[in-house]
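The chain contents come next:
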Amino acid sequence: MTGADSPHPPLSSRLRSLRPAAFGADPAGERWERIRRSPNFSDGSFQNPVGARTRPSGGSMIEFAKIYFRKETRARRSPVGVVPVHPTTLADLAKPPASGLRVTWIGHSSVLAEIDGRRVLFDPVWGERCSPFSFAGPKRLHPVPVPLADLGPVDVVVISHDHYDHLDLPSIRALVSTDTVFAVPLGVGAHLERWGVPADRLRELDWNESTEVAGIRLTATPARHFCGRGLRNQQHTLWASWAVTGPEHRIYHSGDTGYFPGFKDIGAEHGPFDATMIQIGAYSEYWPDIHMTPAEGMRAHLDLQGGQPSGVMLPIHWGTFNLAPHPWAEPGEGTVEAAAAAGAPIALPRPGEPFEPTAEGVPSELWWRAVATVPVEGWATSGGTGSPEVAPTA
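Residues numbered from 1 in each chain as written. Predicted model: local features only at pLDDT ≥ 70, side-chain atom pairs only at ≥ 80, totals over all residues. Heavy atoms only, no water.

Some details on the pattern of salt bridges
Our working definition: What makes a salt bridge here is a side-chain nitrogen of Lys or Arg within 4 Å of a carboxyl oxygen of Asp or Glu, nothing more. Strands here are runs of E lasting at least two residues and helices are runs of H or I lasting at least four, both read from the DSSP assignment and numbered beginning at the N terminus. In this scheme, a residue with accessible area under 20% of its type's maximum is buried, one over 50% is exposed, and one in between is partly exposed, where area comes from a 1.4 Å probe on protein chains only.
Under the definition given, this model contains 11 salt bridges. Across the pair glutamate 365 and arginine 350 runs a salt bridge whose closest N-O atoms are separated by 3.2 Å. One end of the pair, glutamate 365, is in the segment after β15 (354–355); the other, arginine 350, is in the loop between α10 (330–342) and β15, and 15 residues separate them in sequence. In this structure glutamate 365 comes out as partly exposed when scored by relative accessible area, which is 31%. With a relative accessible area of 24%, arginine 350 lands in the partly exposed category. Bridged by salt links that share partners, the residues Arg31, Glu193 and Glu204 form one connected network.

Considering the pairing of strand β8 (residues 202–205)
Applied cut-off: For two strands to pair, DSSP has to find at least two bridges joining them. Whether a crossover is right-handed depends on one test, that the path from the first strand over the helix to the second runs clockwise when the strands point away from the viewer.
Inspection of the sheet shows strand β7 (residues 181–185) paired to β8 by four bridges, in the parallel sense. Paired with valine 184 across the bridge in β8 is glutamate 204. Viewed along the sheet, the connection from β7 through helix α7 (residues 189–194) into β8 turns out right-handed.

Observations regarding the sheet that holds strand β6 (residues 156–158)
The strand order across the open sheet formed by seven strands is β8-β7-β6-β5-β4-β3-β15, and the pairing between neighbours is mixed. Strand pairing shows two members of the sheet lacking a second neighbour, β8 and β15, which therefore form its edges. Relative to strand β4 (residues 110–115), strand β3 (residues 101–107) is paired through six bridges, and the arrangement is antiparallel. Counted as the bridge partner of valine 103 is alanine 113 from β4.

Details of the side chain of histidine 291
Filter applied, for reference: Pairs of N or O atoms are called polar contacts if they sit within 3.5 Å, as long as, within protein, a hydrogen donor faces a hydrogen acceptor (for residues adjacent in sequence, only side-chain-to-side-chain pairs).
Examined against the element boundaries, histidine 291 turns out to sit in the loop between β13 (275–279) and α9 (294–304). Given a relative accessible area of 10%, histidine 291 falls into the buried group. In this structure the side chain of histidine 291 is engaged in a polar contact, spanning 3.1 Å, whose partner is the side chain of aspartate 256. At 2.6 Å, the side chain of histidine 291 forms a polar contact with the backbone oxygen of alanine 282.

With respect to the sheet that holds strand β11 (residues 241–245)
Stated precisely, the cut-off is as follows: For helices, the axis comes from a line fit to the C-alpha atoms of the stretch in contact; other axes are also lines fit to C-alpha atoms, and the angle between any two N-to-C directions lies between 0 and 180 degrees. By definition, residues are in contact when any of their heavy atoms lie within 4.5 Å.
Strands sit in the order β9-β10-β11-β12-β13-β14 across an open sheet of six strands; the sheet is mixed. In this open sheet, the two edge strands, each paired with only one partner strand, are β9 (210–213) and β14 (312–316). Ignoring which end each strand starts from, the neighbouring axes of this sheet average 20 degrees apart. Where β11 and strand β12 (residues 250–253) come together, four bridges link them in antiparallel fashion. By the bridge assignment, alanine 243 is partnered in β12 with tyrosine 252. Contacting β12, β13 and β14, α9 crosses the sheet at an angle of about 150 degrees to β13.

Description of unusual backbone geometry
Cis geometry marks the peptide bond from glycine 271 to proline 272; its omega dihedral reads -5 degrees. Within the secondary structure layout, proline 272 lies in the loop between α8 (262–270) and β13. A positive phi angle, near 70 degrees, is found at asparagine 208, a position not held by glycine. By secondary structure assignment, the location of asparagine 208 is in the loop between β8 and β9. With relative accessibility at 55%, the residue asparagine 208 sits in the exposed group.

So this is what it looks like as structure tokens:
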């Protein structure tokens, strides 16, 4: 590949050696040629299915900074006590799920899904900070419920995109020593190869492409977001949601995304799903196009289910890191309200608490209230296990 064909101007070997490993690597060679041929790549970058503003700009950035660092709002963005986690052990996961499907929310967007005898690990983030540096950046608000080494064998690791709170260098390096396969969006493989993942263990997909691993089918589906780890975020790696189909069950992981009409198409092609894992945290009026609010997340879930309140929605991308101006407990509360309005079943597990989405009951206790700052107006719904605001599973 010549300098003219490369996505970046040539860098000296000295400059490359100074680049932090956590920044990953830029796509090059055949990977770059494949990116250039992608129908989702034009004008030098990957494009969203619907136009999206990815960050505040100009005066709005200054306004956002004032709100974000205001003392009274900062206090509400973190728990006021120790977040209760379920101490997941190998014993919890050793017995196969009776239904054939079990889901364990590790925290944020990290989820272990056991589906039809196979184990899929989405967006594993076991690091203390979602940052390229160990001394700075958003720090974990609760401990990881189970050490990564104690999780047991994983058939495939699925990455939604390359942001630090979804693609974690320490976690990937720990998984390199296993024989797991990595399913990633187009371009993300460059990062993993730099970190030691062999090319023959990579399944790198464009939107609407599929691969089969251990008898389950994984499809990279569209999302409305963006990418980037280094100083130059030129949108040369793709972002994706994922549909996973086994012989008996179907599940969906949203990754990070703003709401867009394409959820209906994904549902029509790959659903309905026994469980959806939907991003409902780290939203803001300053970036409304790239993260969903709880109400939008529920709307996406219903679209994926053909407009019916079927399956179980698991809210993800909240509770673990402080990434937005909203109060820490607000995504959980908003999801409960949205589910009640839609009559849709949701699961509310503590981090690390395994549950079977198709079983008679799923976790429903509003556990975060015990360690959250109570809103001035009070909680919008009554709390407690089995509260009428949370629709039961069928």
